[in-house]
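Observations on the three-dimensional arrangement
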Amino acid sequence: TTRFFEFNNPEKPLLLRVGGKLARFTLAYEMYGRMNAGKSNVILLFHAMTGSQHAAGLNRNVPGLNRRWTEELHEGWWDAFIGPGKALDTRKFCVICANYLGGCYGSTGPASINPQTGKPWGPSFPVLRMVDIVESQLRLLDSLGVKKLCAVTGASIGGYLSLLLATRHPDRVRIVVPIGTSLETTIV
């Protein structure tokens, strides 16, 4: 099931790398597994450029997306890797995957309504950099009470975002999991 994180902080908006700011935005995300009491078992999963928050299982409908949530999106894009006994074992870990800021699968992006105009952002949507995506997802983690990730991983551009998060915020992540490496053999 897709959930929605609503950021709304005019006092401390998300400052964008190229300039501008977003005082309000939404991130669509999904969680697999459960957070432990200390919230120390959370893995943040970044998707590929054209991916979505739906990484595992079946999700036939995301509210508000209508025709954009096509049949090819119903099965999670990393379903073979997330779940009990799989590489990202949901008996041990809580995996969180969020659609990127600027994305089209439930997060604020060009198709979203600009709260200042009441019309779709369209081409007036702010220019984003990869660091803006990382910073927006840290706001999501903050709202969930996750201070330090057990791990961060991703494929394609998601791998780059994993490294970006780990180098910009080393205090927020325990390990970065290289693709092709078992999480259990990486954690020591």
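Please read these numbers as outputs of a predicted model, since none were measured by experiment. Residue positions within a chain follow its written sequence, with the count starting from 1. Two thresholds apply to this predicted model, a pLDDT of at least 70 for residue-level local features and 80 or more for giving and counting side-chain atom pairs, whereas whole-chain, interface and lining totals are computed over all residues. Based on all heavy atoms of the structure, the side-chain values leave hydrogens and waters out of the count.

1. Focus on the side chain of Glu-30
Secondary structure follows DSSP: runs of H or I at least 4 residues long count as helices, runs of E at least 2 residues long count as strands, and numbering of each begins at the N terminus. Structurally, Glu-30 can be placed in strand 4 (residues 24-32). Think of it in three bands: residues with accessible area under 20% of the maximum for their type are buried, residues over 50% are exposed, and the middle band is partly exposed, with areas taken using a 1.4 Å probe on protein chains only. Asp and Glu count as negative and Lys and Arg as positive, but His and the ends of the chain are not part of the count. When a carboxyl oxygen of Asp or Glu is within 4 Å of a side-chain nitrogen of Lys or Arg, the pair counts as a salt bridge. Among buried Asp, Glu, Lys and Arg side chains, Glu-30 stands out as unpaired, with Arg-3 the closest opposite charge at 8.4 Å. Any pair of nitrogen or oxygen atoms within 3.5 Å is treated as a polar contact; in protein, a donor-acceptor pairing is required on top of that, and neighbouring residues in sequence qualify only through side-chain atoms on both sides. Engagement of the side chain of Glu-30 in a polar contact is seen with the side chain of Tyr-32, the distance being 2.5 Å. A polar contact is formed between the side chain of Glu-30 and the side chain of His-54, at a distance of 2.9 Å. Should any heavy atoms of two residues lie within 4.5 Å, those residues are considered in contact. Residues in contact with Glu-30, not counting those within four places in the same chain, are Thr-1, Thr-2, Gln-53, His-54, Ala-55, Ala-56, Asn-59, Val-95, Ile-96 and Cys-97.

2. Some thoughts on unusual backbone geometry
Phi angles above zero are rare outside glycine, and Lys-39 is one such case at about 55°. According to the relative accessible area criterion, Lys-39 is partly exposed, its value standing at 28%. The phi dihedral of Ser-156 is positive, around 60°, even though this residue is not glycine. Here Ser-156 is to be found in the loop between strand 7 (149-154) and helix 2 (157-168).

3. With respect to the confidence of the model for the chain
Atom-level detail of predicted coordinates should not be read off regions where pLDDT is low. Every residue gets a pLDDT, meaning the predictor's confidence in that residue, from 0 to 100. Of all residues in the chain, 93% have pLDDT values of 70 or greater, and the mean over the chain is 92. Throughout residues 184-188 the model reports pLDDT below 50, and contacts reaching past four residues in sequence, or to other chains, amount to nine contacts.

4. Observations concerning the environment of Thr-117
Inspection of the secondary structure assignment puts Thr-117 in the loop between strand 6 (94-98) and helix 1 (130-143). A C-alpha to C-alpha distance of 31 Å links Thr-117 and Leu-161, two positions 44 residues apart in sequence.

5. A few points about the pairing of strand 7
Most of strand 7 sits inside the fold, with six of its six residues counted as buried. Here, any two strands with at least 2 DSSP bridges between them count as paired. Pairing of strand 5 (residues 42-46) with strand 7 involves four bridges; the strand directions are parallel. The residue bridging Phe-46 from the neighbouring strand is Gly-154, located in strand 7.

6. Here we look at the nonpolar core
Joining through side-chain atoms within 4.5 Å is the link that ties buried Ala, Val, Leu, Ile, Met, Phe, Trp, Tyr and Cys residues into a set, and such a set is a nonpolar core. With 35 residues, the main nonpolar core has Ile-96 and Leu-149 as its most contacted residues. For this core, the elements supplying multiple residues, two or more each, are strand 1 (3-8), strand 4, strand 5, strand 6, helix 1, strand 7 and helix 2. Here this core gets six residues from one element, more than from any other, and that element is helix 1. Beyond its immediate sequence surroundings of up to four residues, Leu-149 is in contact with Val-42, Leu-44, Leu-141, Leu-165, Arg-172, Val-173 and Arg-174.

7. Considering the pairing of strand 4
With eight of nine residues buried, strand 4 is to be regarded as a mostly interior element. Both strand 1 and strand 4 contribute to a ladder of six bridges, which runs antiparallel. Note on strand 4: the bridge partner recorded for Phe-5 is Leu-27. Where strand 4 lies against strand 6, four bridges are found, and the strand directions are antiparallel.

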